[in-house]
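What the coordinates show
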Amino acid sequence: METPPKKEKWFRKLRHKYRFVLFNEITFEERISFKLSRFQVLLFLVAMAISFIAITFLVIAYTPLKEYIPGYPDIEQKKELYHLNRLADSLMADARQKSLYIQNIKRIIENKENTAPPPPPEVKTKNYDTITDRKSPEDSLLRVSFENQTRFNLFPGKAPYIGNAEIYQQNFFLPLNGIITSKFDPLQKHYGIDIVAPHNDAVKSVLDGTVIFSGWTLETGYVLIIQHANNLLSVYKHNAVLLKHEGDLVKAGEPVAIAGNSGELTTGPHLHFELWYNGKPVNPVNYINFK
């Protein structure tokens, strides 16, 4: 019996040579011929695939075509997103500040502030006469110079409160000439002072600023609020007539209202004057020289 031929292994078949010939269709003349093996064809296809992948990668990495590929990260887009993220954070912070600012104005108008400002620290006055040590001539000259500098201090016996240093630097104008009948008392929710003056006297702005509220409330009548520099607000209540409108720019000493007796929470013609710093009420007497 004849033995069947053994099957040749597949990797050996890759070395078999084949002839690739191109003929002229009309004359059947041989134009091009190649001798190729399966292995050579496989290497050619692999090389073509690698070249195609490399060219595609270079085109995507170094040309603007990458912007049209969905999901491909773009440096410019990342910069834009980072810029928009910072802008959104800034807008949110600004919105929160404006919201707190509006809430503070509402509390001022409605007298809903419940926290009193921290009292200024007590400073004991030093008496140089109690010093028994011998003084040098230089020390005596320095002491005389210091006393001369503080002789004309507007707030004798008080050291400037560090937390309200910006207020002490302001030159306030007297809002109304009159007698103070009710003092500043945060515990009784009286966040300003009441000044009694003749009817129809002009109420003046204490500093340069911008009118941010000019209107009527049931409890305090005609109210005017002026925004000044350094987070200062001045409030004028129970007026008979308002001379300024919201958005008006005013100068220190400029008439802004006429003193009156408007609103339910009043017992006679007077001006209820308040001074607010950083959203907290402060005692106007500490900063303005009321005669």
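Keep in mind it's a predicted model, so treat the numbers as computed, not measured.

Topic: the environment of Gly 253
With respect to the secondary-structure elements, Gly 253 resides in the loop between strand 9 (249-250) and strand 10 (255-259). When its relative accessible area of 16% is taken as the criterion, Gly 253 is described as buried. Taking the C-alpha atoms as reference points, Gly 253 and Ser 205, separated by 48 residues in sequence, lie 5.2 Å from one another. Once residues within four sequence positions are removed from consideration, Gly 253 is found in contact with Phe 173, Lys 204 and Ser 205.

Re the side chain of Gln 227
Its place among the elements puts Gln 227 in strand 7 (residues 221-228). In this structure the side chain of Gln 227 is engaged in a polar contact, spanning 3.1 Å, whose partner is the backbone oxygen of Leu 232. Once residues lying within four places of it in the same chain are set aside, the contact partners of Gln 227 are Tyr 101, Asp 208, Gly 209, Thr 210, Ile 212, Leu 232 and Leu 233.

A look at unusual backbone geometry
For Asn 231, which is not glycine, the phi torsion reads 60 degrees and is therefore positive. Relative to the helices and strands, Asn 231 is located in the loop between strand 7 and strand 8 (232-242). Notably, Asn 278 is not glycine yet its phi reads approximately 55 degrees, a positive angle. Summarising the element assignment, Asn 278 is placed in the loop between strand 11 (271-277) and strand 12 (280-282).

Side note on the packing of aromatic side chains
The relative placement of two aromatic rings is captured by the distance of their centres and the angle of their planes. Evaluation of the coordinates by the stated rule reveals three aromatic pairs. Each ring, one from Trp 216 and one from Tyr 222, has its centre 5.0 Å from the other, and the planes form 70 degrees; the classification is edge-to-face. We classify Trp 216 as partly exposed; its relative accessible area is 48%. The class for Tyr 222 is partly exposed, based on a relative accessible area of 33%.

Conventions and cut-offs
- Residues numbered from 1 in each chain as written.
- Predicted model: local features only at pLDDT ≥ 70, side-chain atom pairs only at ≥ 80, totals over all residues.
- Heavy atoms only, no water.
- Helix = DSSP H or I, 4+ residues; strand = E, 2+ residues; numbered from the N terminus.
- Buried < 20%, exposed > 50% of the residue type's maximum accessible area, 1.4 Å probe, protein only.
- Contact = heavy atoms within 4.5 Å.
- Polar contact = N/O pair within 3.5 Å; in protein donor to acceptor, adjacent residues only side chain to side chain.
- Phe/Tyr/Trp six-rings, centres within 6.5 Å; stacked < 30°, edge-to-face > 60°.

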